[in-house]
Amino acid sequence: MSTNLIPDDRRSLTVRLSVVQYLVAAIFVVLAVGFWIFQIAQHEKFREMAENNQLRRLPLPAPRGVLLDRNGKVLVENQDTLNIAIVREQTKSVGDVLHVLAAATGADEAQLRDTVNRRRREPSYRPIVLIENATQEQYIAAWARRLELPGIIVEEVPARRYPAQEMAAHLFGYVGEVTIAQLQRPDYDGVEPGTIVGQAGVELAYNKMLMGSDGAKTVVVNSVGREIKQLDMQLPTTGRPLQLTIDEDLQKATEDGFTAAGFNGAAVVLDPSNGEVLAFTSRPAYDPNAFAAGIKPAAWNALNADALKPLQNRALQGRYSPGSTFKMAVALAGLEEGIITPDFKVHCAGSATFYGRPFACWAKKKGGHGTIDLRHAIEQSCDVYFYTVANMLGIDKINKWATLLGLGVKSNIDLPNELTGLVPSSKWKLETKHEKWYAGETISVGIGQGQVSVTPVSMAVYMATLANGGTRVTPHLLKAVSDGVGWKPIDPPAPQSRVTIDPDKLQAIRDGLWMVVNAAGTGGTARIQGHDVSGKTGSAQVISNQGRVAAQRAGKGGDLRDNGWFVFFAPRDNPTIAGVVFLEHGIHGGNAARVAHHILATYFAKLDAKPLPPPPTHEDLHLDYSDPYAKGGPVGSGGGH
Amino acid sequence: MFERRLYFHVDWLLLGAVLLLAVFGVAMIYSTTYVIAPTGDHMGKEVMPQVYALVIGLVALLVFLAIDYRLLAEYSLLIFGLLLLLLVFVLFKGQTQMGAQRWIPIGPFHLQPSEFGRIAVALVLAMYFGENRRGAKNPGDLIIGGVLCLVPLLLIAKQPDLGTAVTLLPVFVGVAFLAGLRLRLLGIIAIACLPLGLFGYKFALKDYQRQRIQTFLDPEQDPRGAGYQTIQARITVGSGGLTGKGFRKGTQGQLKYLPVAHNDFIFSVLAEEQGFVGVLGALGLYLFVILRSLEAARLAKDRLGSYLVGGIISGFAFQVIYNVTMSAGLAPVKGITLPLMSYGGSSLIASLAGFGLVLNVRMRRFTN
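Read on for a plain summary of the structure.

Let's talk about the overall build of chain A
- A count of helical and extended segments in chain A gives 25 helices and 23 strands.
- Across the 641 residues of chain A, 54% fall into the buried class.
- Taking the intrachain contacts of chain A between residues at least 6 apart in sequence as the baseline, contacts between residues at least 24 apart amount to 72%.

Shown next, in the form of structure tokens:
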């Protein structure tokens, strides 16, 4: 059946086979050239692409430096938390994955999308954290559905932990993802997007030291992004531990005092010799732990919308009338300017008339203080005495001495966003209001009302300056820095100013302050047996009497009760502690003195190596809730004691 | 059946080259499927089946060498019918893997009948044109030959396995060409196929198939999706350089950037690990095998033998050229294996059996 090839056929076949042979050979040559182009001519390009395929540089976040108190107790530390992140290159549909993840973990899908969108320009192998500080439930939910969640990874990262929660929240501040605005600033050079940095308080002020430097590891990953092996690892350098000047016990006493009192406000306690801040609080506070691993927008909005402004650092940013606590500045100005002597006497009949207008003393109802000298005027907080001295001094001399004592100027504490108070002067009025200062305006300033406003921290400096005899120390929080080997003490910052005060004249004021607490004065509630506490109360109106009447008529709510101040130093001779307690709407300075009492009692118990007093209860404080306005109506333009 | 003197006419060089390629294939499969695991590195599960297939393939080669091809041609219609039966069986009872129904499980093995299509079609076409005095000059014969090729082609395409189906076409063209098909006619067929192809592209192709062609033309439009393989194939080949990254050192294949590297992209892995030198070596061997086989066609005693070898080797050459082109990311990704080297038992066995026939024809050039 098979047909042998005849010569004719064979010739044709040979030709055709040759055609095929040459064709195949030609194609093979073309193929070889093609491979030559890829493998030899463009080898470098493809070699790089292959490396990019498999090598991944992953950041290893550095734990922030811990914060310790002056005795080495840990105030702020780190703990590992779980972050749920997405590696976009490992997933084909980011949208689907986010949808499933949101459903599994209860996270807000729109917000997840937003997070990814915000960082879409980053390399797709870099994880984008979607859920910071994931709960165990979220972690389990994500793990259970991992097959539907390609590209979702769980990272263990160090996160900030504030064990004492709201304690000293404004002092520590909080951390958060570096903002776009920050990234554009030169001092944030080398900070990668997504890095956690300090955003307030000490965390912000000392961010550079606390941050450390992130490490990185280079790993080989396979096509689905699984890590095959590690090539190279730079360990992260932990941020430097900082020792703060804060005394945890005193801080806690301050917080306990406020908690028991139930008022908002601020307190700053200093070492008057060098400006070390021993305690610092602002109430209401927030829990910085909520920020540590990314604050939820709802929580952030709630904090911002809160009428009580928990994010405001009242100690640095709240500006309030100092009331009677301002009287020592007037007294010192009078003495140093040679206007008065400690024996200068004024007769207080409950009110006095200046420039045709009556100015009442808070003791008007009991008929005034009678004839009174400087020491007793401070002790009794006699308004008429200080109206008189202020009138004799004039606004500019008051301004000069108040400024030297630290009022109306920044304390330059090492915390961000401090605001300046105001002690008016004729120059100030001319510059800002283009009007001349009227002598009549000085009278109210004499008792810390009118245009005067101060921040609590400046009040602490004021008392420290009176305590140390004229050195306006710079309050500061950093005591020592660890360089990894040992602690390096940080020198206290230079004082803001120094003035020589005649010791005798200063002593007269100090005597008055001692009498406030230990004689028949208004601050007896701060008295501590065996220790000479000196201090001064102040109650300052938050609204004028006429304004209050109008507000009441209009039925407008809001807390219009007076603010309560207590400023102090102790002991009377060679003071080692000075500070301020400010109660917002605390009604009476005496109430602030009760809070200060617990702080001072704790301080002295510690000094005497005695057991610390237990946190007071609300009842322990015996607060005075009697509203002077509710009882006897307006008591003149001054008020305060 | 096997005369002693035939032994001296076996083309040992061709056989050696074929076996060398198959062994290279096993080595590359070993390299690319090697498992690196925390619990201990070990050989991939694909290696041993390939070795078994190589042994079975050698047996098949011996069988197809030993039986006179003229005897086989006598039974070619029977063999062809058997193939069609198997293909129909696969369509209804076959095992489905990765969306295609291609396999018949036989014990631990999975037979892929479509791989044997080329041999059956080559036999039946060689037989048809070889017996026919007029060769392939007559359009009527050409149509009958075309139908013989198209029936299994459509059955395979239906699985769907377009890649394997298409490999039947060069078998037909090869036999027809050697049988005297006029080049003008070939051109007419090609032109006629163009609108047919466009029609097919629009209506007959499945979405993923259309997408493959589109993304081949512009792989960057979907670098994560369908264009991924084309891009990765180029990276794999290009990163190999002159001498390659070394055995088991290829990152693209080892880290699975190139999917199913041991199968359709085995040549990419070879290019990556053995470099341009390895590529030239392998291409040289394949070229040698093809040219040497065409030589066998030239030496064949009869038209049947000549056409048979021509058909088999046309399919083989087409597969090699297409797969190598695809391996470098220069052709759309199709499921066309690299004969002798790609992973896949049926493919290897069928290829070796095919070379059994080539050797058979050459060996019997002096016999009657």
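Some thoughts on the overall build of chain B
- When helices and strands are counted, chain B shows 15 helices and three strands.
- With 368 residues in all, chain B has 56% of them scored as buried.
- Taking contacts inside chain B between residues at least 6 apart in sequence as the whole, the part at least 24 apart equals 71%.
- Counting only carbon and sulfur atoms, one obtains 70% of the accessible surface of chain B, whose full area is about 15,200 Å².

Regarding the packing of helix α5 (residues 117-131) of chain B against helix α8 (residues 168-178) of chain B
All names here are of chain B.
- Running from amino to carboxyl end, α5 crosses α8 at an angle of 20 degrees, the nearest separation of the two axes being 10 Å. For the element pair α5 / α8, the angle class is roughly parallel. As α5 runs across α8, the sense of the crossing is right-handed. For the pair α5 and α8, contact is made by Gly117, Arg118, Val121, Ala122, Leu125, Ala126 and Phe129 and by Leu168, Val171, Phe172 and Val175, respectively.
- A per-class count over the contact of α5 with α8 returns nine nonpolar, one polar and one charged.

Points about the pattern of salt bridges
- All chains considered together, the criterion is met by 31 salt bridges over all chains.
- A salt bridge links Glu109 of chain A to Arg113 of chain A, with the shortest nitrogen-to-oxygen separation between them at 2.2 Å. One end of the pair, Glu109 of chain A, and the other, Arg113 of chain A, are both in helix α4 (residues 109-118), four residues apart, so they sit about a helical turn from each other.
- The partner of Lys45 of chain B in a salt bridge is Glu46 of chain B, with the nearest N and O atoms 3.2 Å apart.
- With a relative accessible area of 69%, Lys45 of chain B lands in the exposed category.
- Sharing partners across several salt bridges, the network here consists of Lys73, Asp247, Glu248, Asp249 and Lys606 of chain A.

Let's talk about the sheet that holds strand β23 (residues 577-584) of chain A
Residues and elements named next belong to chain A.
- Spatially, β12-β11-β23-β22-β21 is the arrangement adopted by the five strands of the open sheet, whose pairing is antiparallel. Two strands bound the open sheet, and with one partner strand each, they are β12 (277-283) and β21 (534-540). Sheet twist, expressed as the average angle between the axes of neighbouring strands with direction ignored, equals 10 degrees.
- Helix α23 (residues 589-607) rests against β11 (264-270), β12, β21, β22 (563-570) and β23 of the sheet, and its axis sits at about 30 degrees to β22.

Some thoughts on the state of the cysteines
All names here are of chain A.
- Here the structure, examined in full by the defined rule, presents zero disulfides over all chains.
- Considering cysteine sulfurs only, Cys382 is the nearest to Cys348, which forms no disulfide, with 3.7 Å between them.
- For Cys348, a relative accessible area of 1% puts it in the buried group.
- Cysteine Cys361 is unpaired, with the sulfur of Cys348 as its nearest cysteine sulfur at 3.9 Å.
- On the accessibility criterion, Cys361 (0% relative accessible area) is buried.

Let's talk about empty space enclosed by the protein
Residues and elements named next belong to chain B.
- Here the structure, examined in full by the defined rule, presents two cavities of 30 Å³ or more.
- Approximately 120 Å³ is the volume found for the largest cavity.
- As for the largest cavity, its lining consists of Glu115, Arg118, Ile119, Ile312, Gly315, Phe316, Gln319, Pro339, Ala350, Ser351, Gly354 and Phe355.
- Secondary-structure elements contributing two or more residues to the lining of the largest cavity are α5, α14 (303-327) and α15 (345-363).
- Within the lining of the largest cavity, the residues separate by chemical class into six nonpolar, four polar and two charged.

Topic: unusual backbone geometry
- Across the junction of Ala570 of chain A and Pro571 of chain A, the peptide omega takes the value -10 degrees, indicating a cis bond.
- The topology assignment puts Pro571 of chain A in the loop between β22 and β23.
- The omega torsion of the bond from Gln159 of chain B to Pro160 of chain B falls at 0 degrees, within 30 degrees of zero and hence cis.
- Although it is not a glycine, Asn417 of chain A adopts a positive phi angle of roughly 65 degrees.
- By the secondary structure assignment, Asn417 of chain A is in the loop between α17 (395-405) and α18 (426-433).
- Of note in the backbone geometry, Leu340 of chain B takes a positive phi value of approximately 80 degrees without being a glycine.
- In this fold, Leu340 of chain B is placed in the loop between α14 and α15.
- What makes Leu340 of chain B buried here is its relative accessible area of 1%.

Re the interface of chain B and chain A
- If you look at the interface, chain B gives 58 residues, while chain A gives 45 residues.
- Together chain B and chain A conceal approximately 4,400 Å² of surface at their shared face, both sides included; 67% is due to carbon and sulfur atoms.
- At the boundary of chain B with chain A, the tally comes to zero salt bridges.
- On the surface where chain B and chain A come into contact, there are ten residue pairs in polar contact (both at pLDDT 80 or more).
- Going through the elements one at a time, α3 (69-74), α5, α8, α11 (227-238), α12 (251-254), α13 (266-299) and α14 of chain B are the ones with two or more residues in the side of chain B that touches chain A.
- The greatest single-element share of the side of chain B that touches chain A, amounting to 16 residues, is contributed by α13 of chain B.
- Of the residues belonging to the side of chain B that touches chain A, the class tally is 30 nonpolar, 14 polar and 14 charged.

Points about the pairing of strand β15 (residues 357-360) of chain A
Residue and element names in this part refer to chain A.
- Examined bridge by bridge, strand β14 (residues 351-354) and β15 share four bridges and lie antiparallel to one another. Note that in β15 the partner of Thr353 across the bridge is Pro358.
- Connecting β14 to the antiparallel partner β15 that follows it, the hairpin turn spans two residues, and Tyr355 within it adopts a positive phi of roughly 50 degrees.

Definitions and limits used
- Residues numbered from 1 in each chain as written.
- Chains lettered and ligands numbered in written order.
- Predicted model: local features only at pLDDT ≥ 70, side-chain atom pairs only at ≥ 80, totals over all residues.
- Heavy atoms only, no water.
- Helix = DSSP H or I, 4+ residues; strand = E, 2+ residues; numbered from the N terminus.
- Buried < 20%, exposed > 50% of the residue type's maximum accessible area, 1.4 Å probe, protein only.
- Contact = heavy atoms within 4.5 Å.
- Areas by Shrake-Rupley, 256 points an atom, 1.4 Å probe, with all protein chains shown as cover.
- Axes fitted to C-alpha atoms, helices over the stretch in contact; angles between N-to-C directions.
- Parallel < 35°, antiparallel > 145°, perpendicular 65-115°, else oblique.
- Left-handed = near helix turned anticlockwise from the far one by under 90°.
- Nonpolar A, V, L, I, M, F, W, Y, C, P; charged D, E, K, R; others polar.
- Salt bridge = Lys/Arg side-chain N within 4 Å of Asp/Glu carboxyl O.
- Pairing = 2+ DSSP bridges.
- Disulfide = S-S within 2.5 Å.
- 1 Å grid on protein atoms, 1.4 Å probe; cavity = no way out; pocket = protein on both sides within 12 Å on 5 of 7 lines; lining within 4 Å.
- Points joined across faces, edges and corners; volume = space filled by probe spheres on them.
- Buried area = accessible area lost by both parts, 1.4 Å probe.
- Polar contact = N/O pair within 3.5 Å; in protein donor to acceptor, adjacent residues only side chain to side chain.

So far we have only geometry, and geometry alone does not tell us how the molecule works.
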